[in-house]
Amino acid sequence: MSESARVFVSGNEAVALGVRLARPHVVAAYPITPQTVVVERLSDMVADGSLKTEYLHVESEHSALSACMGASVLGARTFTATSSQGLLYMAECLHYASGGRMPIVMMNANRSLALPWNIYNDQRDSLSLLDSGWLQVYVEDAQEALDMIIQGYAIAENPAVMTPIMVNLDGFVLTHTYELVDVPTAQSVDRFLPPYQTTNKLDLGAPKNMGFTATPADYTEFKYQQHRALLDSARVIEQTDEAYASAFGRSYGGLVQSYQAEDAELILVTLGSVNGTARVVVDGLRAEGRKVGLVRLRFLRPFPARELVALTRHARAVGVLEKNVSMGYEGTVFTHVNSAYSAETSAPHVLNFVAGLGGRDISRQDIISMFDQLASVDPTSERVRFVNLKLQII
Amino acid sequence: MSIDTKKAFGARDLSDREFFYGHKACAGCGGSVAVRLALKVLGERTFTVVPAGCMSAVGFIFPQLAFTSNAIISTFAGTASMLSGVSAAIRALGIKDAHAVGFAGDGATADIGIQALSGAIDRRDKIIYICYDNEAYMNTGVQKSGLTPLGARTTTTPATGGGSAARKKDMFEIVAAHGIDYAATASVGYVQDYINKVNKARTIEGTSYIHVLAPCPTGWGTEPDESIEIAKEAVDCGLWYLAEFENSDYRLNRKPKEFAPLEPFLKRQGRYRHLSASDIETIARYRDEKWRRIRRWDSQLNQDTHQDAPLASS
Amino acid sequence: MNQPKPQPFTRPTRLDDFPVGTCFSAGHLVETNASWRSATPKIDLERCTGCQLCYLLCPEGVIFKLKDSVGIDYDFCKGCGICARHCKAKAIQMIREGVR
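Residues numbered from 1 in each chain as written. Chains lettered and ligands numbered in written order. Predicted model: local features only at pLDDT ≥ 70, side-chain atom pairs only at ≥ 80, totals over all residues. Heavy atoms only, no water.

A.B. asks: Where do I start with helix α5 (residues 91–99) of chain A in this structure?
C.D. replies: Count 3.6 residues to each turn of an α-helix, and residues three or four apart come out pointing the same way. All names here are of chain A. Along α5, the residues classified as buried are A91, C93, L94, A97, S98 and G99. Each element contacted by the buried residues of α5 is listed here: α3 (61–72), α4 (84–89), β5 (105–110), β7 (165–170) and α9 (219–248). Just past α5, the residue R101 takes up positive phi, approximately 55°. (Buried < 20%, exposed > 50% of the residue type's maximum accessible area, 1.4 Å probe, protein only. Helix = DSSP H or I, 4+ residues; strand = E, 2+ residues; numbered from the N terminus. Contact = heavy atoms within 4.5 Å.)

Below is the structure:
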């Protein structure tokens, strides 16, 4: 175990500290609330010489990711950060980077999408881009944010993966909340994360043509190959978590993290920071003798279907709490969870709790209510439930 | 190989290697001339970025890959930003004596990619950005771009409506207004001048932008063997000009005493065949207006007279 | 002659044979462009002065330098005729394909 420093920092600052430890060659970013502190701290680090990187102050998010792609294809380690509208503005480049198998690490501050304008947290930005071919991890606190930036490079650059990764932090809730964070030493991170090596690059010694066209004769195979890499990344994510645990003493359980789920009859599936509140609720309800538990989906790509099914095997009802809705249908995470159960002979009742849109608070009482609804679920009741909808207005 | 940029850089100085070969561009493609020659000036230690467009569509169809040195297709809007990333990686990785060059068409430059280009110039990223201007979206079937000239017929500015009503953005002046390190206009009709300018760009410690007029026989309605000649005539009749911008000074490389007649130049191209005599007069008026501005910056900034660039073709 | 040549190519049959992402050997040619041609440039070596203007102007790069003249890689010449049009010595003739 290495000597580490304990600092009191925000989630954004924890990300910047993680980036510095990962020693990227090139950083390209554009400011957007609530990610701005990341780009500011990185600029400070470049200015004070503590981060040796080529920092490109680009004029848009599209250019931020495009510049990272240009650097990545020369074999450089790259970082960018964005949020919300910015993530959508670079959407074209998301597909491009994953199709080109460029192991870029990006932090995304989860924020709602206009219209109406709103700068606060929900997860509709990243969830709308699940199909972009990126690995997606949702962290619960600042420590996990720092750790996943470092692990992110190890996972993304693994030759079996070679896929970009999006590290999602709930906007404001995580990005702007100060917490005590363990910062590993540069030496120990250097041991854990060796420099990026690849032959999959433009190379003066062995010239390449990249980003080419594949006709209908080959396109499917390229996409299948990419699909396989994302499926195979599950193993790499778990191995990386284990290696990180032995190097730094912190493990997050890989694709999912459960809490009191083993014997739980009612399980809430969560994503990101709300899990902290939910854990407090579970402790309270457990004290009353109620068999409740949590499964936090850390990764949505690859989707941990097998792990989810195994962890909820004994549950009578499962609630999917997500700060998202795919309008005209249901929550996207809910759709994924149901799909995971569709291959099983028996499945729990599953309810969808759509909550926290545009930064609306999700209180302990809200979560208690979700468990109550799960306790009384019957097959005829409405499955998609908006939490705290102001019914007097409707 | 050290090159004296003061001397004309000719066929004998170019790399003997072909770096853009076996591509599927239309016969007589002016853009291909621009790409091929620039890569022969820059040599094998070059990273090429080409956005979605003609040159990527004709050069990168797996497994037929036409760039023999390092090259990648960028997003349509991302030529300059990807080049910035390439250039940053060249520095960060300590790669010596390497060039980052982009070849983007008129639409990719003046329309969808102008923002990223502006950002790169603002940062003074060490990139060479070459706009091969064929004056419309040719790859998608000849639609109007921001560089389609007045009166030109495209599939979105049909002859029945009089052709393009817009006058063609002046990208050279736009990039010069950024205080760019080096900018130039060129024409594949004056290849020697173009080669010299690319050779100049390779020595610039900052952003270079070269805007080269590159006829498209398919879109312009000309014969494949006319491309070089028509690109020369465009300069001679004053609808295009050869200039440089460096150290905040403009320099006109070719000062025509009088313009070659417009009508034969226009009428030999299918895209202008619908023009009436008064349409041609309007084009001439706009040309003259533009030249009053060009001559103003040229005479104000360059009291001395300078020689025309050496001309190779015809 | 410095021109690249088409390589024999077997389409990948296993997933591992596909390039990772979109990254493959630069300048990898598998087919020629000769079939595009409706007219073929023929060089009269007696007349050719070796000025190399055609070499400079060729959009395809199929013209290569010889000691005092030039040669043409007919595998990739599309027959655009730019070389013939600009040859000051009139040393290049475009001959219609199929015409003897």
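A.B. asks: Just to check I follow, could you spell out the interface of chain B and chain C for this structure?
C.D. replies: It is common to give the size of an interface as the accessible area lost on bringing the parts into contact. Contacts between the two partners involve 42 residues from chain B and, on the opposite side, 39 residues from chain C. Buried area between chain B and chain C, summed over both chains or domains, comes out near 3400 Å², and the portion from carbon and sulfur atoms is 56%. Sorting the residues of chain B by area buried against chain C places Y21, F62 and P63 of chain B first, and these three jointly supply 21% of that buried surface. The interface formed by chain B and chain C contains four salt bridges. The salt bridge involving E31 of chain C is made with K24 of chain B; its shortest N-O contact spans 3.0 Å. Where chain B packs against chain C, one counts 23 residue pairs in polar contact (both at pLDDT 80 or more). Secondary-structure elements contributing two or more residues to the side of chain B that touches chain C are α1 (30–42), β3 (64–65), α7 (191–201) and α9 (227–236) of chain B. With five residues, the single largest contributor to the side of chain B that touches chain C is α1 of chain B. Here the residues of the side of chain B that touches chain C are counted per class, giving 20 nonpolar, 11 polar and 11 charged. (Buried area = accessible area lost by both parts, 1.4 Å probe. Salt bridge = Lys/Arg side-chain N within 4 Å of Asp/Glu carboxyl O. Polar contact = N/O pair within 3.5 Å; in protein donor to acceptor, adjacent residues only side chain to side chain. Nonpolar A, V, L, I, M, F, W, Y, C, P; charged D, E, K, R; others polar.)

A.B. asks: Any chance you could explain the packing of aromatic side chains here in plain terms?
C.D. replies: Any two aromatic rings considered together are summarised by their centre-to-centre distance and by the angle between their planes. Following the criterion strictly, the structure yields 26 aromatic pairs over all chains and no others. Consider the rings of F172 of chain B and W297 of chain B, whose centres lie 6.1 Å apart with planes at 50°: the pair is tilted. Within this pair, whereas F172 of chain B is found in helix α6 (residues 171–176), its partner W297 of chain B is found in helix α11 (residues 277–301), the two being separated by 125 residues in sequence. Each member of the pair, F172 of chain B together with W297 of chain B, is buried. Of the aromatic side chains, those joined through ring pairs into one cluster are F172, W240, Y241, F245, Y250, F259, W291 and W297 of chain B. Above the face of the Y55 of chain C ring, R36 of chain B is positioned so that its terminal group lies 5.3 Å from the ring centre. (Phe/Tyr/Trp six-rings, centres within 6.5 Å; stacked < 30°, edge-to-face > 60°. Lys NZ or Arg CZ within 6 Å of the ring centre and 35° of its normal.)

A.B. asks: How should I be thinking about the nonpolar core in this particular structure?
C.D. replies: The tendency in soluble globular proteins is for nonpolar side chains to be buried as a group. Judged by nonpolar contacts, the single largest core of 163 residues is most densely connected at I130 and Y194 of chain B. Per-element tally for this core: the top contributor is α1 of chain B, with eight residues. In terms of nonpolar packing, the next biggest core, distinct from the first, is built from 78 residues, L51, Y138, V236 and V269 of chain A among them. (Core = buried A, V, L, I, M, F, W, Y, C linked by side-chain atoms within 4.5 Å.)

A.B. asks: It is not clear to me how the interface of chain C and chain A should be interpreted in this structure. Could you clarify?
C.D. replies: Counting from both sides, the interface comprises 12 residues of chain C and, opposite them, 19 residues of chain A. For the pair chain C and chain A, the two sides together bury roughly 1400 Å², of which 63% comes from carbon and sulfur. The largest share of the area that chain C buries against chain A comes from L15, F18 and T22 of chain C, three residues that together contribute 41% of it. Seen at the junction of chain C and chain A, the total is one salt bridge. The tally of links from chain C across to chain A stands at seven residue pairs in polar contact (both at pLDDT 80 or more). With three bridges connecting them, strand β9 (residues 208–210) of chain A and strand β1 (residues 23–25) of chain C associate as antiparallel partners. What sits directly across from M210 of chain A, in β1 of chain C, is C23 of chain C. (Pairing = 2+ DSSP bridges.)

A.B. asks: Explain the layout of surface pockets to me, please; I cannot follow it from the model alone.
C.D. replies: In this structure, the largest pocket spans a volume of roughly 920 Å³. If you go around the largest pocket, you meet 44 residues; those closest to its centre are H95, S98, G99, K223 and Q226 of chain A. Elements that contribute at least two residues to the lining of the largest pocket include exactly α5, α9 and α11 (305–311) of chain A together with α2 (54–59) and β4 (71–74) of chain B. Two domains share the lining of the largest pocket, each providing at least three of its residues, namely domain 1 (4–248) and domain 2 (257–386) of chain A. (1 Å grid on protein atoms, 1.4 Å probe; cavity = no way out; pocket = protein on both sides within 12 Å on 5 of 7 lines; lining within 4 Å. Points joined across faces, edges and corners; volume = space filled by probe spheres on them. Domains from an automatic or database assignment.)

A.B. asks: Is there a simple way to think about the packing of α1 of chain B against α7 of chain B in this case?
C.D. replies: In a packed pair of helices, the relevant descriptors are the angle between the two axes and the axis-to-axis distance. Residues and elements named next belong to chain B. Where α1 meets α7, the closest approach of the two axes is 9 Å, and the angle between their N-to-C directions is 45°. As far as their axial angle goes, α7 and α1 are oblique. Of the two elements, α1 crosses α7, and the hand of that crossing is right-handed. Judged by residue contacts, V33, A34, V35, L37, A38, V41 and L42 of α1 engage V191, Y194, I195, V198 and N199 from α7. Considering only residue class, the contact of α1 with α7 consists of 11 nonpolar, one polar and no charged. (Axes fitted to C-alpha atoms, helices over the stretch in contact; angles between N-to-C directions. Parallel < 35°, antiparallel > 145°, perpendicular 65-115°, else oblique. Left-handed = near helix turned anticlockwise from the far one by under 90°.)

A.B. asks: Sorry if this is basic, but what is going on with the sheet that holds strand β11 (residues 266–270) of chain A here?
C.D. replies: Strand pairing in a sheet relies on backbone hydrogen bonds, with the paired strands running either antiparallel or parallel. Residue and element names in this part refer to chain A. Within the open sheet, the six strands sit side by side as β10-β12-β11-β14-β15-β16. Their pairing is mixed. Where the open sheet ends on each side, the last strands, each with one partner, are β10 (256–259) and β16 (384–386). Strand-to-strand twist in this sheet, taken as the mean axis angle between neighbours without regard to direction, amounts to 20°. As paired elements, β10 and strand β12 (residues 292–297) share four bridges and run antiparallel to each other. Counterpart to S258 in the pairing with β12 is V295. Most of the contacts of helix α10 (residues 274–287) go to β12, to which it runs at about 165°, and overall it touches β10, β11, β12 and β14 (317–322).

A.B. asks: When you look at a nonpolar patch on the surface in this model, what are you seeing that I'm missing?
C.D. replies: A cluster of nonpolar side chains, namely L357, F386, L389 and L391 of chain A, defines an oily patch on the protein surface of about 360 Å² accessible area. Assignment of secondary structure puts L389 of chain A in the segment after β16. (Patch = residues over 30% accessible without salt bridge, like charges linked within 9 Å, V, L, I, M, F, W, Y side chains within 5 Å. Areas by Shrake-Rupley, 256 points an atom, 1.4 Å probe, with all protein chains shown as cover.)

A.B. asks: Sorry, what's going on with the pattern of salt bridges here?
C.D. replies: Pairing between side chains becomes possible if they bear opposite charge and their charged atoms approach one another. Summed over all chains, the structure comprises 49 salt bridges over all chains. Across the pair R77 of chain A and E157 of chain A runs a salt bridge, and its minimum N-O distance is 2.8 Å. Separated by 80 residues along the polypeptide, R77 of chain A in the loop between α3 and β4 (78–83) and E157 of chain A in the loop between α7 (142–156) and β7 bring together distant segments of the chain. Owing to a relative accessible area of 9%, E157 of chain A belongs among the buried residues under this scheme. A salt bridge links R124 of chain B to D181 of chain B, with the shortest nitrogen-to-oxygen separation between them at 2.4 Å. Of this pair, R124 of chain B sits in the loop between α5 (114–123) and β6 (128–133) while D181 of chain B sits in the loop between α6 and β7 (182–187), placing them 57 residues apart in sequence. The partly exposed category is assigned to R124 of chain B, whose relative accessible area is 49%. What makes D181 of chain B buried here is its relative accessible area of 16%. Here the residues in one salt-bridge network are D225, E226, E229, E233 and R268 of chain B together with R85 of chain C, joined through shared partners.

A.B. asks: Got a minute to help me understand the pairing of β7 of chain B in this structure?
C.D. replies: The side chains of a regular strand alternate between both faces of the sheet. All names here are of chain B. The element β7 is largely enclosed, with a buried count of six among its six residues. On β7, burial covers both faces: Y182, A184 and A186 on one face and A183, T185 and S187 on the other are all buried. Of the strand pairs in this sheet, β7 and strand β8 (residues 208–213) are connected by six bridges, and their pairing is parallel. Bridge pairing in β8 links Y182 to S208. You can see the chain leave β7, run along α7 and come back into β8, and the turn it takes is right-handed. By the bridge criterion, three bridges tie β7 to strand β9 (residues 243–246) in an arrangement that is antiparallel. When the bridges of β9 are listed, A183 appears paired with F245. (Right-handed = clockwise from strand over helix to strand, strands pointing away.)

A.B. asks: Looking at this structure, I do not really get the packing of helix α1 (residues 11–22) of chain A against helix α2 (residues 36–47) of chain A. What am I missing?
C.D. replies: Residue and element names in this part refer to chain A. Following both chains from N to C, one finds α1 and α2 inclined at 40°, their axes separated by 8 Å at the closest point. With respect to α2, the axis of α1 lies oblique. Here α1 and α2 pass one another in a crossing that is right-handed. For the pair formed by α1 and α2, the contact residues are N12, E13, V15, A16, L17, V19 and R20 on the first element and V37, V38, R41, L42 and M45 on the second. Taken together, the residues of the contact of α1 with α2 sort by class into eight nonpolar, one polar and three charged.

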